[in-house]
Each structure stands twice: as structure tokens, then as C-alpha cells.
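Inside the fold
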Amino acid sequence: MAALDELVTELARLPGIGRKTAQRLAFHLLQQPKGQIERLGAALATVAERIHPCAVCGNLTEGDPCEFCADPRRDATILCVVEDPAGVAAVERAAGFRGRYHVLGGRLSPLDGIGPEALRIDALLSRVAGGVREVILATNPSMEGEATATYVHQVLTGRGIRVTRLARGLPMGGDLDYVDGVTLAHALTARQEVR
């Protein structure tokens, strides 16, 4: 069954999907009506055809520029820098940010051969030269994300732009017994006055 093996192989390439999960997904799909499988295939083909990076910020979009870059109600002087389009979606879910975005297209990872030239740093520098007054670094709190934030901060230093980083610390409803040491250390360092 070469077709089934090919489907399992392709599904296993998705992030967080191992071979066993890919097999379960493939068998689940094969138990669905043919029309449902065809709709899934058509949706995948449509996404591949229509979705592309925004020419301004790098976020995924059907139009150009994307809805965030085209929205005149958003503050163009504040940029939230994220690693990938999933970062844009995460910040939007919080529903508190009214600026614009810049998607780097990844994060620094020397072990994987990803250096600054692989990221959209030059596009960021072009954008900040156009009147940006604050850049919010919203990279992931991983080693690579921290290295990326540090690099972007260094590149922006001396350009008259306020560079901020998302706060880190304890989650609401969390229990100190279950918080990792790094998170607790960041929370202690960034403690605030009680008002």
C-alpha cells in the first residue's frame, strides 16, 4: 500500500506528529466518506495557492498587505516582533495589542545553520527607519528565542527606538510548587511594587 505509506510519511512531517500518530490520522481519514477527504484535499490545495507572506510584515495572508498592515486604526509606530505567524495569532488572542507586527521567519539556531541572514532582520531595519518608536520583542522563551531577542536588541541599539521585551513570570492560577526554576527566577527579577 504505497499510497497509504506516502500519506503516513507526509503526515509525520507535520510538527508534533510522530509516525504512530500519523498512522492513526491516516486510518481515521480512510474511514471518512470520500467527499470529506476530497474537501480536506481541496482546502489544502486552496491554502497552498492563496496564502503567502505579507510583503510588509511577513505574516501569512491572502491579500497584500495583510489585515494588520492595512488597518489604519493600528498604531504603525509600535511593532511587535515575533518568530513566526503563530506568534501573531497568539498575541491577537490576548486582544490587547493594537500596534503592527513583524514576523522574523524563524529564530537564530547556529546548530541548525540558521543565522541572522536567514531572518527578516533587514526588513525590520527598513521598517523601523520609517517612524517606529517602539519594538516589542515577543520571541519564544527558549534558548533560541532569547538569543534572537538579544540579537535584535543589539541591532536596534543606538537607533533611537525603545526596545521592550514581553514580561515573563508566573502564570495566573499557577502553583509555586510546579513552577520551573528559570520561570521563578525571572518572576523574582521582574517583581513589581504592590499598589
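Our subject in this report is the structure included herewith. (Residues numbered from 1 in each chain as written. Predicted model: local features only at pLDDT ≥ 70, side-chain atom pairs only at ≥ 80, totals over all residues. Heavy atoms only, no water.)

1. Comments concerning the overall build of the protein
- Each helix and strand counted, the protein has 8 helices and 6 strands in total.
- Starting at the N terminus and ending at the C terminus, the protein contains elements arranged as α-α-α-β-β-α-β-α-β-α-β-α-β-α.
- Computed over the C-alpha atoms, the radius of gyration of the protein is 21 Å, more than 25% above the 16 Å expected from 2.2 N^0.38 for a compact globule of 195 residues.
- Projecting the C-alpha coordinates of the protein onto the three principal axes gives extents of approximately 60 × 45 × 35 Å.
- In the protein, buried positions account for 30% of the 195 residues.
- Summing over all exposed atoms, the protein offers an accessible surface of approximately 13000 Å²; the carbon and sulfur share of this is 57%. (Helix = DSSP H or I, 4+ residues; strand = E, 2+ residues; numbered from the N terminus. Rg over C-alpha atoms; globule rule 2.2 N^0.38 Å. Buried < 20%, exposed > 50% of the residue type's maximum accessible area, 1.4 Å probe, protein only. Areas by Shrake-Rupley, 256 points an atom, 1.4 Å probe, with all protein chains shown as cover.)

2. Topic: the packing of helix H1 (residues 2-12) against helix H2 (residues 19-30)
- Here H1 crosses H2 at 125°, and the two axes come no closer than 8 Å. With respect to H2, the element H1 is oriented oblique. Read as a crossing pair, H1 and H2 show a hand that is right-handed. Mapping the contact onto sequence places Leu4, Asp5, Leu7, Val8, Thr9, Leu11 and Ala12 in H1 and Arg19, Ala22, Gln23, Leu25, Ala26, Phe27 and Leu30 in H2.
- Considering only residue class, the contact of H1 with H2 consists of 10 nonpolar, 2 polar and 2 charged. (Axes fitted to C-alpha atoms, helices over the stretch in contact; angles between N-to-C directions. Parallel < 35°, antiparallel > 145°, perpendicular 65-115°, else oblique. Left-handed = near helix turned anticlockwise from the far one by under 90°. Contact = heavy atoms within 4.5 Å. Nonpolar A, V, L, I, M, F, W, Y, C, P; charged D, E, K, R; others polar.)

3. Some points on helix H7 (residues 143-156)
- Between the first and last C-alpha of H7 there are 20 Å, a value that for 14 residues agrees with the 20 Å anticipated at 1.5 Å per step.
- Of the residues making up H7, those classed as buried are Gly145, Thr148, Ala149, Val152, Val155 and Leu156. In a view along the axis of H7, the buried residues occupy a sector of 125°, so they form one face of it. Opposite the buried face of H7, at more than 90 degrees from it, the exposed residues are Met143 and Gln154.
- The inward-facing, buried residues of H7 contact helix H6 (121-128), strand S5 (134-137) and strand S6 (162-165).
- Just beyond H7, the residue with positive phi is Gly158, at close to 85°. (Expected span 1.5 Å × (residues − 1). Arc of directions from axis to C-beta.)

Keep in mind these numbers describe shape, not what the thing actually does.
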